[in-house]
Amino acid sequence: MTTPDSDSLLAEQLLRLTRRVHRIQKHHLERSGLGVTPAQARLLRTLAHCDSPPRMADLAERLEVVPRAITTLVDGLEGSGKVRRVPDPTNRRVIRIELTEDGRKALRQLRGARMSAAEEILDPLTDLERQVLSGLLDALVDGAAPERTREHGQGQGRSC
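Residues numbered from 1 in each chain as written. Predicted model: local features only at pLDDT ≥ 70, side-chain atom pairs only at ≥ 80, totals over all residues. Heavy atoms only, no water.

Right, let's talk about the overall build of the chain for a bit. Per the secondary structure count, the chain includes 7 helices and 2 strands. Taken from the N to the C terminus, the helices and strands of the chain come in the order α-α-α-α-β-β-α-α-α. Within the chain, the fraction of its 160 residues that count as buried is 24%. By element, 53% of the accessible surface of the chain is carried by carbon and sulfur atoms, the whole surface being about 11,200 Å². (Helix = DSSP H or I, 4+ residues; strand = E, 2+ residues; numbered from the N terminus. Buried < 20%, exposed > 50% of the residue type's maximum accessible area, 1.4 Å probe, protein only. Areas by Shrake-Rupley, 256 points an atom, 1.4 Å probe, with all protein chains shown as cover.)

For the α-helix, the turn length of 3.6 residues means that residues three or four positions removed from each other point alike. Here helix H4 (residues 67-79) spans 18 Å end to end across 13 residues, near enough to the 18 Å set by a 1.5 Å rise per residue. Elements in contact with the buried residues of H4: helix H2 (38-48), helix H3 (56-63), strand S1 (83-87) and strand S2 (95-99). Note on H4: the residue one or two positions beyond its end, Gly 81, has a positive phi of about 80 degrees. (Expected span 1.5 Å × (residues − 1). Contact = heavy atoms within 4.5 Å.)

Its identity is not glycine, yet Glu 64 carries a phi of approximately 60 degrees, on the positive side. Examined against the element boundaries, Glu 64 turns out to sit in the loop between H3 and H4.

Below, the discussion takes up a nonpolar patch on the surface. Together, Leu 14, Leu 137 and Leu 140 make up an exposed nonpolar region whose accessible area comes to about 270 Å². Mapping Leu 140 onto the fold places it in helix H6 (residues 127-142). Judged by its relative accessible area of 57%, Leu 140 is exposed. (Patch = residues over 30% accessible without salt bridge, like charges linked within 9 Å, V, L, I, M, F, W, Y side chains within 5 Å. Salt bridge = Lys/Arg side-chain N within 4 Å of Asp/Glu carboxyl O.)

Moving on, we come to the nonpolar core. In terms of nonpolar packing, the biggest core is built from 21 residues, with Leu 43, Leu 44, Ile 70 and Val 83 touching the most fellow members. If you list the elements that add at least two residues to this core, you get H2, H3, H4, S2 and helix H5 (101-122). (Core = buried A, V, L, I, M, F, W, Y, C linked by side-chain atoms within 4.5 Å.)

Where H3 meets H4, the closest approach of the two axes is 9 Å, and the angle between their N-to-C directions is 110 degrees. Here H3 is positioned roughly perpendicular relative to H4, judged by the angle of their axes. For the pair H3 and H4, contact is made by Met 56, Leu 59, Ala 60 and Leu 63 and by Pro 67, Ile 70, Thr 71 and Val 74, respectively. Grouping the amino acids of the contact of H3 with H4 by side-chain chemistry returns 7 nonpolar, 1 polar and no charged. (Axes fitted to C-alpha atoms, helices over the stretch in contact; angles between N-to-C directions. Parallel < 35°, antiparallel > 145°, perpendicular 65-115°, else oblique. Nonpolar A, V, L, I, M, F, W, Y, C, P; charged D, E, K, R; others polar.)

A few words on the side chain of Thr 46. Tracing the backbone through its elements, the reader meets Thr 46 in helix H2. With residues near it in sequence (within four places) discarded, Thr 46 still touches Leu 59, Arg 62, Leu 63 and Cys 160.

Structure follows, in structure tokens:
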């Protein structure tokens, strides 16, 4: 049985781990030399998972930020040639955002930086501990026990 004190300690540990993960990922991202911020990297990863180029409003919703933040991120990425704005083929007033070839190359490099960061973070754990952690994190991210998540089809990604 958990107590309020043990739950408070767990919450603090999760927050400390989150800060450590962000710090290590940022360090590996800087070492990659891509000149991409963590927020820009997140936008690139989101674009890579979209079935078709999304509208900026779709990106804002998906990333849970205000549309102005997406405009700033897209401006920076467009300036470095990693994304481009394209008109919607069915409605000229709508602008969509798509990855360029440079953006795809950057994503490959970003994946390497993320893998290096993950290896650094997970290095102290055995294979069994990593499996247990994966199951626990799935339950926390999905907000349900792994069995219920699979039964109800939750935890699956969505397209833009």
